[in-house]
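# Secondary and tertiary structure notes
These are the residues of each chain, in order.
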Amino acid sequence: MNIAYSTELICFLILSAVVVSGSLAVVLLENIVYSAFLLGGVFMAVAGLYLLLNASFVAAAQILVYVGAVNVLILFAIMLVNNKEKLKPIEGLRTRKFISGGVCGGLLILLLRVNITTKWNLPGPTSIGEEATERIGEHLFTDYLLPFELASILLLMAMIGAIVLARREVSIPTGDINDLKNKKSLSDKKIPLLSENSLK
Amino acid sequence: MNSGIDLEMSFTQGVQNLGLSHELAHLLWIPLPMLLVLVSAVIGVLVTVWLERKISAAAQQRIGPEYAGALGILQPMADGLKLLVKEDIIPARADSVLFTVGPILVLVPVILSWLIVPFGQNLLISNVGIGIFLWIALSSIQPIGLLMSGYSSNNKYSLLGGLRAAAQSISYEIPLALAVLAIVMMSNSLSTVDIVEQQNTAGFLSWNIWRQPVGFIIFWICALAECERLPFDLPEAEEELVAGYQTEYAGMKFALFYLAGYINLVLSALLVSVLYLGGWGFPISIDWFSSLIGLSIDNPLVQIIAASLGIVMTILKAYLLVFLAILLRWTTPRVRIDQLLDLGWKFLLPISLVNLLVTASLKLAFPMTFGG
């Protein structure tokens, strides 16, 4: 057991502990802002696991896409609409929790079964290290071209959808602006992107 | 290709001669360059703060710091000491955990990015294959720290500042990455060392700035925006937001933001010099020069002179850019938030896409000049 191997083992144990406890906390914490920040931490720990597998490009891409874009946008959305309002109690919460817990447990058992019954090819293929970046590029533009293009079309559709939703035109009657009686009704017709709740 | 001076090799050799194992020697080596780079980053910040004070004074026809040391050169030290001994206040209704973690998350990625800045062929912490991509990925962590500190301060100005910082940094990251991509396409590598080497074939004529003038301007604008420097300092716009996400911070936590801002500025300037201005390269090719005076490039004397010249050149180029950034800060007005986002999304993004397309086609048409 040399220094390099033990360092790797310790790093692996720490990272896996962070991933498992972090993801549990993301689901179980009451405060949604904490959940969102912890999600970023979990993404970073996953990137660390990729680094341990010598996949530095995938690790950097993981940080760039998941931490830098997805998580920041989640936080952005939470902070724009976070008005610290108590949520209404939902009817039949106990049965709902029971059902979702059952579904998750079933999924876990299924995955465990797959994990145990599959014959894993150990040790796996040797990593190609720095060459991986070129290899990923080659694969993306040859045999995985169709899924790659489909993903970009999906993103384009999402983007157009977001623009359509955000720029929905609301017709405001122009003559009533000076009418004090109508002021209340005017403020109700605000553009939905920034509703009154988010401005509090 | 010559290997240049390899300090790591000589260090591990020396330690092994003392009777330690190779692994232990390597372990002893690892913290040394990190410490060196950390110290040089902090010294770089002190110099930049002094420059900022002096140049802003000159721009406003004042004298600036005068009494702390000759020409006020110790003023940044005094600033740092003051921040160090100030009381560390956490507002009563703030979220103390997030409030503390926020500044750390802002500073750490910036310092980690120094990993890839080369001062010479072997004078960098680690020549990682993904080089410049690592910097782009790391700099995308920063907005999370800003959002965190903005949210946890429990202050509407802070929250607005944090949101602005995140919006700004997401918008300008895309043109920045596209400008870098054009460079990467020309040098066929993400590694900063390869990018510099590919520029140093014929002195200053082979620098990337001549082949990527548009990319250079895009990168510089985006780097200024990422550093939140005027004209893009909206997240901390004093007149509107008090001090943005820093409003509630005092003492050392504030100093962390301050440090992160300046380290980021110096880092951006260094990366501009690496990507566009030939990094450690001297304006005249060293190979040609040494053959002129009849010395081999492998001569130890030539090697040492070339290495120290390389460090001086990198720092000189970077500080010229820092000077430019400071001059810009004290002479330009701030843009509005809508102008900022318009500039990012409707101008820089299309231009950088076109730049990438033109670079790709030029690479196909003239593989000799644009890296085949």
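Residues numbered from 1 in each chain as written. Chains lettered and ligands numbered in written order. Predicted model: local features only at pLDDT ≥ 70, side-chain atom pairs only at ≥ 80, totals over all residues.

### Things to note about the overall build of chain A
A count of helices and strands for chain A gives eight helices and zero strands. Overall, chain A shows an N-to-C arrangement of helices and strands of α-α-α-α-α-α-α-α. Counting only residues that meet the buried cut, chain A has 12% of its 200 residues in that class. In chain A, once contacts between residues fewer than 6 apart in sequence are set aside, the share between residues at least 24 apart is 51%. (Helix = DSSP H or I, 4+ residues; strand = E, 2+ residues; numbered from the N terminus. Buried ≥ 20, exposed ≤ 12 C-beta atoms within 10 Å, placed from the backbone. Contact = placed C-beta atoms within 7 Å.)

### Digging into the nonpolar core
In globular proteins that are soluble, nonpolar side chains generally tend to be buried together. All names here are of chain B. Counting residues in hydrophobic clusters, the biggest one holds 112 residues, and the most contacted among them are V180, F219, C222, V266 and V272. Ranked by residues supplied to this core, first place goes to helix α8 (residues 156-187) with 17 residues. Not counting residues within four places of it along the chain, the set of residues in contact with V272 comprises F219, W220, A223, L277 and L321. (Core = buried A, V, L, I, M, F, W, Y, C linked by C-beta atoms within 7 Å.)

### Comments concerning helix α16 (residues 337-365) of chain B
Residues and elements named next belong to chain B. Given a rise of 1.5 Å per residue, 29 residues ought to cover 42 Å, and the 40 Å separating the end C-alpha atoms of α16 matches this to within 8%. Along α16, the residues classified as buried are L340, G344, L348, S352, N355 and T359. Among the structural elements, α8 and α11 (213-226) are those in contact with the buried residues of α16. (Expected span 1.5 Å × (residues − 1).)

### A word on the UniProt feature "transmembrane region" (unreviewed entry) in chain B
Residues and elements named next belong to chain B. Following the UniProt record, one finds the feature "transmembrane region" (unreviewed entry) at residues 28-51, 96-117, 123-149, 256-282, 302-327 and 347-366. Along residues 123-149 one finds 63% helix and 0% strand; the C-alpha atoms at either end are 35 Å apart. In this annotation, residues 347-366 is assigned 95% helix and 0% strand; the end-to-end C-alpha distance for the span is 28 Å. (UniProt positions renumbered as here; feature names shortened; annotations may be inferred.)

### Side note on the interface of chain A and chain B
Taken together, the contacts link 19 residues of chain A with 22 residues of chain B. Contributing elements (two or more residues each) for the side of chain A that touches chain B: α2 (32-52) and α3 (56-81) of chain A. Considering each element in turn, the side of chain A that touches chain B owes the most residues, 12 residues, to α3 of chain A.

### A word on helix α5 (residues 96-112) of chain B
Along an α-helix, a turn takes 3.6 residues, which lines up residues three or four apart on a common side. For α5 of chain B, built from 17 residues, the straight-helix expectation of 24 Å at 1.5 Å per residue is met to within 8% by its first-to-last C-alpha distance of 25 Å. Within α5 of chain B, the full set of buried residues consists of L98, F99, G102, P103, L105, V106, L107, P109 and V110 of chain B.

### Some points on the confidence of the model for chain B
Residues and elements named next belong to chain B. Per-residue pLDDT for chain B averages 83, and the proportion of residues at 70 or more is 97%. Predicted confidence in chain B is weakest over helix α12 (residues 238-241), with a mean pLDDT of 72, and strongest over α11, with 90. Scoring the predicted complex yields pTM 0.82 and, for the interface, ipTM 0.81. (pLDDT = per-residue confidence, 0-100.)

### Topic: the environment of L320 of chain B
All names here are of chain B. Looking at the secondary structure, you find L320 in helix α15 (residues 300-331). Judged by the 14 C-beta atoms lying within 10 Å of it, L320 is partly exposed. Along the chain, L320 and S273 lie 47 residues apart, while their C-alpha atoms are 9.5 Å from each other.

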